[in-house]
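# Geometric and topological summary
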Amino acid sequence: MGLNLKNEEARKIFHKLAETTDVVVEEFRPGVTKRLGIDYDTLSKINPRIIYCAVTGYGQDGPYRDLVGHDINYISHAGALGIIGPEDGPPSIPHNILADFAGGGMHGAVGVLAALMARERTGRGQIVDIAMADGVVSLQVALFSMHYAGKGTARRGGTMLSGKSPFYNVYQTKDGKYLSIGSIEPWFFANLCKALGHEEFIPHEHTSEKYPEMQKAFAETFKTKNRDEWFDILSQTDICVGRIYDYEEVEDDPQLKHRKMIIEIDHPTEGKVKQVGIPMKLSETPGTVRFLAPQLGEHTDETLGGLGYSEKDIERLRGEGAIK
């Protein structure tokens with residue numbers, strides 16, 4: 001449903017909904033919900049059990065509280081952007097937004113679930129304050145732990161997992177496509193060297209002086225066969241290998257098909273449309289995508305009717321611009 005929260009009647013509807021609501025999620029800049037009269041202090045007086053998740057770029061407090069931004073800015077301040085990309089080039093902007101989806105959305109979901117569990121013991125709701133920049137820092141916990149333990153600071157293209165090592169890298173094949181190799185463990189590395197015909201490198205997995213020579217040899221060997229040929233060979237010999245897909249290929253991958261990660265749903269006007277499937281596979285209560293996202297205002301009448309508003313009330317509220 002759509003509510004114009006600058007309208008007093010619309011705020012009353014929101015407050016009425018809050019009486020029986022478990023969770024509210026908002027992504028306004030700090031202070032906006034207070035001006036609109038739907039902040040946690042207001043709603044918790046209506047419903048002390050309500051859980052209020054506020055997702056912002058930098059959080060509800062601190063010197064960056066009111067700083068505007070987008071994903072690229074949050075991952076910059078969190079240190080993630082600075083370590084992505086080749087050693088001899090500028091930082092590479094990740095296509096899939098890290099801060100919004102993982103730093104904000106994922107951590108918001110985890111925070112809400114924790115608050116729901118806490119409410120089972122305390123009977124009270126609380127604020128879940130999620131900063132997307134905080135979440136991105138958290139995603140780098142392994143790298144920060146190594147940094148503070150004095151075991152090296154992550155550098156763009158200069159660490160084992162960012163392009164420095166020939167056994168954890170990407171290689172172009174004869175058909176111009178790419179493979180990913182992740183043979184870190186000694187037995188996987190040995191298997192890789194044997195499969196590529198370069199057993200001379202087996203004793204030198206951690207000899208960094210050998211990496212340029214090794215990288216060149218691996219790259220030349222991978223150019224002798226097509227991507228899928230190499231995948232068939234390497235995947236049968238206990239080697240960590242993956243085909244680097246475009247989106248059309250993702251849809252046709254046999255494993256992702258088996259896991260139903262691309263599904264079709266009936267659309268009322270467009271026929272069957274494809275959607276990403278559900279990644280969490282629950283044994284007892286598996287989820288399903290039952291319908292597409294609603295249009296703005298699609299359920300306004302239904303929702304207000306459930307709150308006791310008459311058709312005449314709804315017509316009046318729509319005429320006043322309180323609802324959509």
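So, here is what we can say about the structure in this document.

Where helix α8 (residues 186–196) contacts helix α9 (residues 211–222), the axes come no closer than 10 Å and their chain directions differ by 55°. In terms of orientation, α8 lies oblique with respect to α9. In the packing of α8 onto α9, the handedness of the crossing is left-handed. When α8 is examined against α9, the residues Phe 189, Leu 192, Cys 193 and Leu 196 are found in contact with a partner set consisting of Met 214, Phe 218, Thr 221 and Phe 222. Its residues assigned to classes, the contact of α8 with α9 comprises seven nonpolar, one polar and no charged.

Despite not being glycine, Asp 238 shows a phi value in the positive range, around 55°. Positive phi, normally seen in glycine, also occurs at Lys 260, with a value near 55°.

Bringing the pattern of salt bridges into the picture now. Under the definition given, this model contains 14 salt bridges. With a closest N to O distance of 3.0 Å, Arg 227 and Asp 228 form a salt bridge. Assessed through its relative accessible area of 2%, Arg 227 is described here as buried. Residue Asp 228 is classed as partly exposed on the basis of its relative accessible area of 32%. In this structure, Arg 318 engages Asp 301 in a salt bridge whose closest nitrogen and oxygen atoms are separated by 2.7 Å. One end of the pair, Arg 318, is in helix α14 (residues 311–319); the other, Asp 301, is in helix α13 (residues 300–306), with 17 residues separating them in the sequence. A residue is classified by how much of its surface remains accessible, and Arg 318, at 36% relative accessible area, is partly exposed. Given a relative accessible area of 41%, Asp 301 falls into the partly exposed group. One connected set of salt bridges, linked through shared partners, spans Lys 177, Arg 227, Asp 228, Arg 243 and Glu 249.

Let's shift gears to the sheet that holds strand β3 (residues 127–131). An order of β1-β2-β3 is seen for the three strands of this open sheet, with the pairing classed as parallel. Two strands close off the open sheet at either side, each with one partner strand: β1 (23–26) and β3. Averaged over all pairs of adjacent strands, the angle between strand axes in this sheet comes to 15°, irrespective of strand direction. Sheet topology places β1 next to strand β2 (residues 51–56); four bridges connect them, and they run parallel. For Val 25, the partnering residue across the bridge sits in β2 and is Cys 53.

Counted according to the given criterion, the structure contains eleven aromatic pairs. Aromatic side chains Tyr 58 and Tyr 74 sit 5.1 Å apart centroid to centroid with 85° between the ring planes, which places their arrangement in the edge-to-face category. Of this pair, Tyr 58 sits in the loop between β2 and α4 (71–77) while Tyr 74 sits in helix α4; the two residues are 16 residues apart in sequence, bridging distant segments of the chain. Owing to a relative accessible area of 6%, Tyr 74 belongs among the buried residues under this scheme. Through pairs of rings, three or more aromatic residues link up here, namely Tyr 171, Phe 201, Phe 218, Phe 222 and Trp 230. If you follow Lys 225 out to its NZ or CZ, it ends over the ring of Trp 230, 5.9 Å from the centre. In this structure, Arg 243 is placed above the aromatic ring of Phe 231, and the distance from its NZ or CZ to the ring centre is 3.9 Å.

So, on to a nonpolar patch on the surface. Where nonpolar side chains cluster on the molecular surface, the patch consists of Met 106, Val 110 and Leu 139 and spans about 270 Å² of accessible area. The topology assignment puts Met 106 in helix α5 (residues 98–122).

Rules used in this analysis
- Along every chain, residues carry numbers that run from 1 in the direction the sequence is written.
- Predicted model: local features are reported for residues with pLDDT of at least 70 only, side-chain atom pairs are reported and counted for 80 or more only, and whole-chain, interface and lining totals are derived from all residues.
- Note that the side-chain values use all heavy atoms of the structure and ignore hydrogens as well as water.
- Axes here mean lines fitted to C-alpha atoms, for a helix over just the part in contact, with angles spanning 0 to 180 degrees between N-to-C directions.
- Starting at the N terminus, helices and strands are each numbered in turn, a helix being any DSSP run of H or I of at least four residues and a strand any DSSP run of E of at least two.
- Working rule for angles: under 35 degrees goes down as roughly parallel, over 145 as roughly antiparallel, 65 to 115 as roughly perpendicular, anything else as oblique.
- When the near helix sits turned anticlockwise from the far one by under a right angle, the crossing is termed left-handed; a clockwise turn instead gives a right-handed crossing.
- Contacts are assigned to residue pairs that have any heavy atoms within 4.5 Å of one another.
- Ten residue types, Ala, Val, Leu, Ile, Met, Phe, Trp, Tyr, Cys and Pro, are classed as nonpolar, four, Asp, Glu, Lys and Arg, as charged, and the remainder, Gly among them, as polar.
- For this analysis, a salt bridge means a side-chain nitrogen from Lys or Arg found within 4 Å of a carboxyl oxygen belonging to Asp or Glu.
- In this scheme, a residue with accessible area under 20% of its type's maximum is buried, one over 50% is exposed, and one in between is partly exposed, where area comes from a 1.4 Å probe on protein chains only.
- Following DSSP output, two strands are said to pair if at least two bridges run between them.
- Between 30 and 60 degrees the pair is tilted, below 30 it is stacked and above 60 it is edge-to-face, where a pair is any two Phe, Tyr or Trp rings, Trp via its six-membered ring, whose centres lie within 6.5 Å.
- Remark: a charge is flagged as sitting over a ring if the NZ atom of Lys or the CZ atom of Arg is within 6 Å of the ring centre and within 35 degrees of the ring normal.
- Residues with no salt bridge and a relative accessible area higher than 30% make up the patches, which join like charges within 9 Å and nonpolar side chains (Val, Leu, Ile, Met, Phe, Trp, Tyr) within 5 Å.
- What sets the accessible areas is the Shrake-Rupley method with a 1.4 Å probe; for residues, cover comes only from the shown protein chains.

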